[in-house]
Amino acid sequence: MTPAQAEASSVGWTEPPRQPVGLDQLGLREASVGQYARLIDFTTSVTWQPRYYSFLCWALEEAFARTSEVVQGRERVDLRARDRELRRRDYAIAAATLAASSSSLRIIGVEKVGKALNDVPADGSLEPRDDHVRGGSGAGSFETYAGPMMNLRLVHDVRVTPRGRPLAHAFAASLHAANAEFLFAGAPVQITALGDAGRVVGLHCLADAANAYPEVAAERDALRAAIIDWDAFARPGTPRRRVLSIGLILALHRVAKGLPVDLRCFREAILLGGLRAGGGRELTLPDFYEGTRRAWLLYQAHANAVLALEAFLALVLDGLVADGRACVPRSDVLDLIVEWMGAAVPHPALNDGFKLDLGGTLAARVAALKSPIALGWRASRAEPDLADLLVRQWSASRVGARDPRVAAAAAADLFIWSQVRLRAVKATFEDAWLGDAEAWRLPPAILVDDLERGIAENSTVVEHVRRVVDQHVIRQHAVNVRRKLYLEPGQFTARFIENGDRLEYVTSHHPGTSSPRFDNAVSYLEALGLVTPADKSGARGLTADGEALEREIVLRAGSCGATP
């Protein structure tokens, strides 16, 4: 054995793997989940089809009926058999959905079920299976949809509750109306019959089938009632915030009529109180929406701060590469970030109020932001422009063409704007989510305190941003890496490695921020027949039922005394 081989055999295991994983490299995106989960709790970022709720309520009832027995007065359930029954039904409904619409990608197990369908000739039959998720283990799609189903009180301890049973009965009625019980008989099903059934009971076709079958319309109405939950709306709490968030989304679709409605549109409307496109449109809401609107504003301001900090992380890594040394002193990296940030770079989005005076005080910059923040959607420049600029800097089309000077200036100003927004909401919103219980995730309370400290110390803008990058980016990333390694020893997430006071580059980072389930919520509202499908431009509108629901929210909020 050579000396090199001996050294490798004795210490090689201490070398970290060089293929880092994970997205939330600062551990900050999760801080926002505590906020938007209180506002949109009826879906998650991986749940897209509300009909899963009625199907799963029915499937759970069926699975328990076939795998439980009463022994000496006590129910006993074969849990493995129950999960197998669930997966078998889950496979069948996924197959029917994909046979009716092969483009329905948001179906659990779509890859495996889709491949099985493609392997069967058009005049052939599909064999019943249950191996489409996790190689044939677990409870199938229920594992994905259980969280929001529990939030809606449809299930408890894997059992369907009295609130969930009407959904089970409604799905059973839709099955009967389509003569589709054969899907779950455990026998091979012809592809043509599978598609015919899927066009009525498929997970993707709730809105269309409701127009043709009264039974499906009744199922859709039961799903609406489960999510809206007027009884719980009468009392303060999450169900009321849920309904008011739905009402806010409906109001946005009304105001944005003829304009594309997407997550960016939602973020801008929340931050600015309206839309600047289409000549400018104010998002006017009754007073009782104010608490919900401010809760969303708090979330969005924090999400922008996270985007700015992640952009700085990416720039730190760019700086390590640009330096060229294997290990770069931390202070040299910070100096380069400041140099980039202060470079005079002509860029439209960095003019008209976005040109930072690095030598000026932080207090002066905060004061200068009062006017554009007060203007809201009437302002010519605001945070959405800075956020868009950062996203474009790291877009696929700009690989190798990113200008670190533009990115550094935009990230610095976006972070300060966001701190100012957070401070304003904290000062006027008694029920504000501040994240005090997880201070290490830099929630709103910490970022506001950071701003106040910078102002109190009469810091310049450059001093403030340098401290932010040092503490909230470099130190924060290192702490987050160690935390993840402690929780999951095999999960290496470092983008750089600390070597004393020097940093060693590992790999790049693509900045981003949390997604507040907006697209998922709109998908649900479309399936429930409350908003129209998007046209070619991305524009949507309210259906007659959506308009009626928006009016009903106003009436019920007034009758129950809902307050901001």
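Up top is the structure these notes are about.
Residues numbered from 1 in each chain as written. Predicted model: local features only at pLDDT ≥ 70, side-chain atom pairs only at ≥ 80, totals over all residues. Heavy atoms only, no water.

**Student:** Explain the overall build of the protein chain to me, please; I cannot follow it from the model alone.
**Tutor:** Scanning the protein chain for helices and strands turns up 23 helices and eleven strands. Against the globule reference of 24 Å for 564 residues, the protein chain gives a C-alpha radius of gyration of 27 Å, in line with a compact fold. Once the C-alpha set of the protein chain is aligned to its principal axes, its extents read approximately 80 × 75 × 50 Å. By the burial criterion, 54% of the 564 residues in the protein chain qualify as buried. By sequence separation, contacts in the protein chain at least 24 residues apart represent 74% of the contacts at least 6 residues apart. About 24,400 Å² of surface is accessible on the protein chain, with carbon and sulfur atoms providing 52% of the total. Taking the 66 positively charged and 68 negatively charged side chains of the protein chain as two groups, their mean positions are separated by 2 Å. (Helix = DSSP H or I, 4+ residues; strand = E, 2+ residues; numbered from the N terminus. Rg over C-alpha atoms; globule rule 2.2 N^0.38 Å. Buried < 20%, exposed > 50% of the residue type's maximum accessible area, 1.4 Å probe, protein only. Contact = heavy atoms within 4.5 Å. Areas by Shrake-Rupley, 256 points an atom, 1.4 Å probe, with all protein chains shown as cover. Lys, Arg positive; Asp, Glu negative; His and termini not counted. Charge placed at Lys NZ, Arg CZ, Asp CG, Glu CD.)

**Student:** It is not clear to me how the packing of aromatic side chains should be interpreted in this structure. Could you clarify?
**Tutor:** The description of an aromatic ring pair rests on the distance of the ring centres and on the angle between the ring planes. In the structure shown here, the tally under the stated rule is 14 aromatic pairs. A centroid spacing of 6.2 Å and a plane angle of 40 degrees characterise the contact between Phe55 and Trp58, whose relative ring orientation is tilted. Here the residue Phe55 and the residue Trp58 both occupy positions in helix α3 (residues 51-67), the gap between them amounting to three residues, near one helical turn. You can call Phe55 buried: its relative accessible area is 0%. (Phe/Tyr/Trp six-rings, centres within 6.5 Å; stacked < 30°, edge-to-face > 60°.)

**Student:** Sorry, what's going on with the sheet that holds strand β9 (residues 328-329) here?
**Tutor:** Whether parallel or antiparallel, the strands of a sheet pair through hydrogen bonds between backbone atoms. As summarised here, the arrangement of the three strands in space is β9-β11-β10, forming an open sheet in which the pairing is antiparallel. Both edges of this open sheet fall to β9 and β10 (496-499), since each of them pairs with a single strand only. Where β9 and strand β11 (residues 502-505) come together, two bridges link them in antiparallel fashion. In the sheet register, Pro329 faces β11, and the bridge partner there is Arg502. (Pairing = 2+ DSSP bridges.)

**Student:** Honestly, the pairing of β11 in this entry has me stumped. Any pointers?
**Tutor:** Working note: regular strand, side chains alternate between the two faces of the sheet. Here β10 pairs with β11 via four bridges, running antiparallel. Note that in β11 the partner of Glu498 across the bridge is Leu503. Where β10 folds back onto β11 in an antiparallel hairpin, the turn is made up of two residues, including Gly500, whose phi is positive at roughly 65 degrees.

**Student:** Could you clarify how one ought to interpret the pattern of salt bridges in this entry?
**Tutor:** Opposite charge on two side chains permits pairing when their charged atoms draw close. Within the structure shown, the criterion is met by 44 salt bridges. With its nearest N and O atoms 2.6 Å apart, the salt bridge here joins Glu62 to Arg66. Here Glu62 and its partner Arg66 are both found in helix α3, four residues apart, which amounts to about one turn of the helix. Given the relative accessible area of 22%, Glu62 is considered partly exposed. In this structure, Asp403 and Arg405 form a salt bridge, with 3.1 Å as the shortest nitrogen-oxygen distance. The partly exposed category is assigned to Arg405, whose relative accessible area is 36%. When salt bridges that share partners are traced, they join Glu62, Arg66, Glu85, Arg88 and Arg89 into one network. (Salt bridge = Lys/Arg side-chain N within 4 Å of Asp/Glu carboxyl O.)

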